[in-house]
Amino acid sequence: LRPILKNKSERMVSKCKPIDYVLGEPARTPNDMIICSTADESTKSISNLKLHDFAFIRRSNGQWTYAIVANRDNRFAEKIDDENTDEVLLFVIDEE
């Protein structure tokens, strides 16, 4: 899971849909994504995703495609430790 860039000079999770991607479209360049260098950075970046934020998600074929967060759900979450709980993120991956 890789959050998108609001623009190329701003390294933050986007709240606005870039006009040049549609749901399900593969990433054209790694420059359109935030690529974290550690697992901790990735976890923090993912935990900052909110409802209706956009991100690139890795599909079973290895391709990164454009998607939107449709729901965050902790009903099926597992407690990791005293401070952390797993959470389920549901993404819409295409317009159909």
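Bear in mind that the values here come from a model prediction, so they are computed numbers and not experimental data. (Residues numbered from 1 in each chain as written. Predicted model: local features only at pLDDT ≥ 70, side-chain atom pairs only at ≥ 80, totals over all residues. Heavy atoms only, no water.)

**Thoughts on the pattern of salt bridges**
Part 1 of the reasoning: The final tally for this structure, using the stated rule, is two salt bridges.
Part 2 of the reasoning: Close ionic contact of arginine 28 with aspartate 20 constitutes a salt bridge, the shortest N to O distance being 3.4 Å.
Part 3 of the reasoning: Where arginine 28 meets glutamate 25, a salt bridge forms, and the shortest distance between an N and an O atom there is 2.7 Å.
Part 4 of the reasoning: Linked through salt bridges whose partners overlap, the residues forming this network are Asp20, Glu25 and Arg28. (Salt bridge = Lys/Arg side-chain N within 4 Å of Asp/Glu carboxyl O.)

**Quick look at the pairing of strand E4 (residues 54–58)**
Part 1 of the reasoning: The buried count for E4 comes to four of five residues, which makes it a mostly enclosed element.
Part 2 of the reasoning: Sheet topology note: the E4/strand E5 (residues 64–73) ladder contains five bridges and is antiparallel. Directly across from arginine 58, in E5, lies its bridge partner tryptophan 64.
Part 3 of the reasoning: From the end of E4 to the start of E5, which pair antiparallel, there are five residues, and glycine 62 there has a positive phi angle of about 90°. (Buried < 20%, exposed > 50% of the residue type's maximum accessible area, 1.4 Å probe, protein only. Helix = DSSP H or I, 4+ residues; strand = E, 2+ residues; numbered from the N terminus. Pairing = 2+ DSSP bridges.)

**Here's the deal with the packing of aromatic side chains**
Here a ring pair, both rings aromatic, is described through the centre-centre distance and the interplanar angle of the planes.
Part 1 of the reasoning: Scanning the entire structure with this criterion turns up four aromatic pairs.
Part 2 of the reasoning: Judged by centre distance (5.1 Å) and plane angle (80°), the ring pair of tyrosine 21 and phenylalanine 56 falls under edge-to-face. With tyrosine 21 in the loop between strand E3 (10–13) and helix H1 (39–47) and phenylalanine 56 in strand E4, the pair connects residues that are 35 residues apart, well separated along the chain. Judged on exposure class, the residue tyrosine 21 and its partner phenylalanine 56 are both buried.
Part 3 of the reasoning: Directly above the aromatic system of tyrosine 21 lies the positively charged group of arginine 28, at a separation of 4.2 Å from the ring centroid. (Phe/Tyr/Trp six-rings, centres within 6.5 Å; stacked < 30°, edge-to-face > 60°. Lys NZ or Arg CZ within 6 Å of the ring centre and 35° of its normal.)

**Overview of the pairing of E5**
Part 1 of the reasoning: Most of E5 is tucked away, with seven of its ten residues classed as buried.
Part 2 of the reasoning: Bridge analysis of E5 against strand E6 (residues 88–92) gives five bridges, and the strand direction is antiparallel. When the bridges of E6 are listed, isoleucine 68 appears paired with valine 92.

**Side note on the nonpolar core**
Part 1 of the reasoning: Tyr21, Leu23, Met33, Phe54, Phe56, Trp64, Tyr66 and Ile68 form the largest nonpolar core, which has eight residues in total.
Part 2 of the reasoning: Of all the elements in the fold, those that place two or more residues in this core are E4 and E5.
Part 3 of the reasoning: When residues in this core are grouped by element, the largest group, three residues, is from E5.
Part 4 of the reasoning: Contact partners of leucine 23, with chain neighbours within four places excluded, come to Phe54, Tyr66, Ala67, Ile68, Val92, Ile93, Asp94 and Glu95.
Part 5 of the reasoning: Residues Leu49, Ala55, Ile57 and Ala67 belong to the second largest nonpolar core, which totals six residues. (Core = buried A, V, L, I, M, F, W, Y, C linked by side-chain atoms within 4.5 Å. Contact = heavy atoms within 4.5 Å.)

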